[in-house]
Amino acid sequence: MSQTMNKATVSLDSLNEAELDVLERKIAGKYMNMVPWGVVVWGIGNLIAWLAVWPLVLMDIIPLWLGFILATLNVALSYLPSHEAQHNIIASKGQPLRWLNELVGHLSTIPLVSPYRVLRYTHYEHHSHTNDPQLDPDFNVHANSGWHFLWKSIMNRQPGSGTGKAYPETLKRTGKEHMILDAVIYQGVYLVIMFTLAWAGYAIEAALLWWVPKQIATTYIEYYLSWAPHHPGNEQGRYTDTRGFKSRLGNLLSMGMQYHIIHHLYPRIPLSLTPAAYRELKPILQRRACNLGEL
Amino acid sequence: MKLIELLLSPIAFSIGFLAPLLAQVMLAMNTELSMPIAYGTGLAISISFGIVAQSRGSWLWVKDHELGNESDHE
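Residues numbered from 1 in each chain as written. Chains lettered and ligands numbered in written order. Predicted model: local features only at pLDDT ≥ 70, side-chain atom pairs only at ≥ 80, totals over all residues. Heavy atoms only, no water.

K.L.:
Provide a residue-level description of the overall build of chain B, including the pertinent values.
P.N.:
For chain B, the count of helices and strands is three helices and zero strands. The order of α-helices and β-strands along chain B, N terminus first, is α-α-α. Taking all 74 residues of chain B together, the buried fraction comes to 32%. When the accessible surface of chain B is totalled, it reaches about 4500 Å², and 69% of it is carbon and sulfur. (Helix = DSSP H or I, 4+ residues; strand = E, 2+ residues; numbered from the N terminus. Buried < 20%, exposed > 50% of the residue type's maximum accessible area, 1.4 Å probe, protein only. Areas by Shrake-Rupley, 256 points an atom, 1.4 Å probe, with all protein chains shown as cover.)

K.L.:
I'd like to hear about the environment of A:M155, residue by residue, with values.
P.N.:
Structurally, A:M155 can be placed in helix α8 (residues 146-156). The sequence separation of A:M155 and A:L66 amounts to 89 residues, and the corresponding C-alpha distance is 29 Å.

K.L.:
Any chance you could break down the interface of chain B and chain A for me, citing the residues and the numbers?
P.N.:
Listed per partner, the contact involves 32 residues of chain B and 33 residues of chain A. There are zero salt bridges connecting chain B and chain A. Between chain B and chain A we count six residue pairs in polar contact (both at pLDDT 80 or more) in total. At the level of elements, α1 (2-7), α2 (10-29) and α3 (35-56) of chain B are the ones that each hand at least two residues to the side of chain B that touches chain A. Ranked by residues supplied to the side of chain B that touches chain A, first place goes to α2(B) with 13 residues. Across the side of chain B that touches chain A, the residue classes tally to 20 nonpolar, seven polar and five charged. (Contact = heavy atoms within 4.5 Å. Salt bridge = Lys/Arg side-chain N within 4 Å of Asp/Glu carboxyl O. Polar contact = N/O pair within 3.5 Å; in protein donor to acceptor, adjacent residues only side chain to side chain. Nonpolar A, V, L, I, M, F, W, Y, C, P; charged D, E, K, R; others polar.)

K.L.:
So, the side chain of A:D136: which residues are in play, and what are the values?
P.N.:
All names here are of chain A. Looking at the element boundaries, D136 is found in the loop between α7 (116-128) and α8. One buried charge, D136, has no salt-bridge partner; the nearest side chain with opposite charge is R173, at 8.1 Å. One polar contact links D136 to H126, side chain to side chain, over a distance of 3.0 Å. In terms of polar contacts, D136 uses its side chain to reach the backbone amide nitrogen of D138, at 2.9 Å. Those residues in contact with D136 that sit more than four places away from it in its chain are H126, H129, T130 and N131. (Lys, Arg positive; Asp, Glu negative; His and termini not counted.)

K.L.:
Requested: an account of empty space enclosed by the protein, with residues and values cited.
P.N.:
Residues and elements named next belong to chain A. Counted according to the given criterion, the structure contains one cavity of 30 Å³ or more. Of the volumes computed, that of the largest cavity is approximately 50 Å³. Where the lining of the largest cavity is concerned, the elements lending two or more residues are α5 (79-86) and α12 (260-265). (1 Å grid on protein atoms, 1.4 Å probe; cavity = no way out; pocket = protein on both sides within 12 Å on 5 of 7 lines; lining within 4 Å. Points joined across faces, edges and corners; volume = space filled by probe spheres on them.)

K.L.:
Break down helix α6 (residues 98-108) of chain A for me, citing the residues and quoting the values.
P.N.:
Within the span of α6(A), buried status applies to A:R98, A:L100, A:N101, A:V104, A:G105 and A:S108. Residues of α6(A) that are buried make contact with α3 (37-58), α5 and α7 of chain A.

K.L.:
If you had to explain the confidence of the model for chain B to someone new, which residues and values would you point to?
P.N.:
The predicted coordinates of low-pLDDT regions are not to be read in fine detail. Residue and element names in this part refer to chain B. For chain B, per-residue confidence averages 86 on the pLDDT scale, and 84% of positions sit at 70 or higher. No element of chain B has a lower mean pLDDT than α1, at 88, and none a higher one than α2, at 97. Taken together, the stretch residues 70-74 has pLDDT below 50 and engages in 16 contacts with residues farther than four places along the chain or on a different chain. Under the prediction, the complex receives an ipTM of 0.87, its pTM being 0.90. (pLDDT = per-residue confidence, 0-100.)

K.L.:
Before we move on, could you go through the domain arrangement of chain A and cite the residues and values that matter?
P.N.:
All names here are of chain A. For chain A, the domain assignment lists domain 1 (1-30 + 237-295) and domain 2 (35-233). In this structure, domain 1 and domain 2 have C-alpha centres spaced 27 Å apart. Taken together, the contact between domain 1 and domain 2 spans 18 residues of the former and 23 residues of the latter. Between domain 1 and domain 2, the buried area comes to about 1800 Å², and carbon and sulfur atoms account for 61% of it. (Domains from an automatic or database assignment. Buried area = accessible area lost by both parts, 1.4 Å probe.)

K.L.:
Can you lay out the packing of α8(A) against helix α10 (residues 180-227) of chain A for me, pointing to particular residues and giving the numbers?
P.N.:
All names here are of chain A. As a packed pair, α8 and α10 sit with axes 10 Å apart at the nearest point and diverge in direction by 125 degrees. On the basis of their axis angle, the class for α8 and α10 is oblique. In this structure, α8 meets α10 at a crossing whose hand is right-handed. Packed against α8, whose contacting residues are G146, F149, L150 and S153, the element α10 presents T219, E222, Y223 and W227 at the interface. Of the residues in the contact of α8 with α10, the class split is four nonpolar, three polar and one charged. (Axes fitted to C-alpha atoms, helices over the stretch in contact; angles between N-to-C directions. Parallel < 35°, antiparallel > 145°, perpendicular 65-115°, else oblique. Left-handed = near helix turned anticlockwise from the far one by under 90°.)

K.L.:
Requested: an account of unusual backbone geometry, with residues and values cited.
P.N.:
Backbone geometry follows two general trends: most residues other than glycine have a negative phi, and most peptide bonds adopt the trans configuration. Residue and element names in this part refer to chain A. Residue P232 follows H231 across a cis peptide bond; omega there is 5 degrees. Within the secondary structure layout, P232 lies in the loop between α10 and α11 (250-253). For D60, which is not glycine, the phi dihedral falls at a positive 60 degrees. Note on placement: D60 falls in the loop between α3 and α4 (64-76).

Following this line, the structure appears as structure tokens:
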């Protein structure tokens, strides 16, 4: 095994930058252009499961504490299918399954109260300007440690937080300000539903099936998708703005984000294939002096 | 526009959601408590929090920059 690795390293050392680039893209290309059906089932199934928790709890079929656990899982799992759709991984424009890509994108993040179009275009800006204090809309989660991140994540959600304006400002800067209306409609509908449920006598159910799960899930998603893969976040550049890292919770519970560096290099590789792509690309990433931690 | 701003404000959240939530939690913990007292107390507490959140811009009173917790990049 080590001999194979050594051979690979030796042969990589003999390549110039252009040849290395061709090899890297050739390897990455093997993992692209396939429909991740698992994500389609995940995105739509997760929404149905979350919606099903409501009648199950309200009709006393399952206890509220169980509903709370299930709802928290559902909300935490609601972002990634949309993320795949944001990158057109299910189908690009003009392909027969484009409608499915957009359907998954729109439906899956309903529990998070996050509109697909806002997420998509701000996320593109995150990719284009990762770790740029002025232009990266996710820059506000940068923190010196995990605990510092937790504090910042909570503070960012306070009503007077300036960082809450990062997404609207990004949309304005990129000429997509009309999409701010999507966020206002989503938030307005969410609040009307919450207020109605609360005054109808279901405030505790609304809190434990949506409000609290949304807060927990937002923190969890921000931690693994925004903070951990970009920490310490003081470098910009294709091979330096994202890192590989070993999560104490493992790959599944860290939502596959240990391999987020692959996603930033090749956003069209489906989440489920990033570990395999990472293993094959690792010698090239090492040659490029990427921060791969203990991964 | 004003109506939307009001709907998204901390005061609306405190009256629309936190007040009944607090009242229903109190009623669940103390079944002998009367509904008007529970909802009255819920409204009083939540509106107080709502006014603080509205004026200070934070439900937690403190603001990040007041604790010097800005990251190195900010």
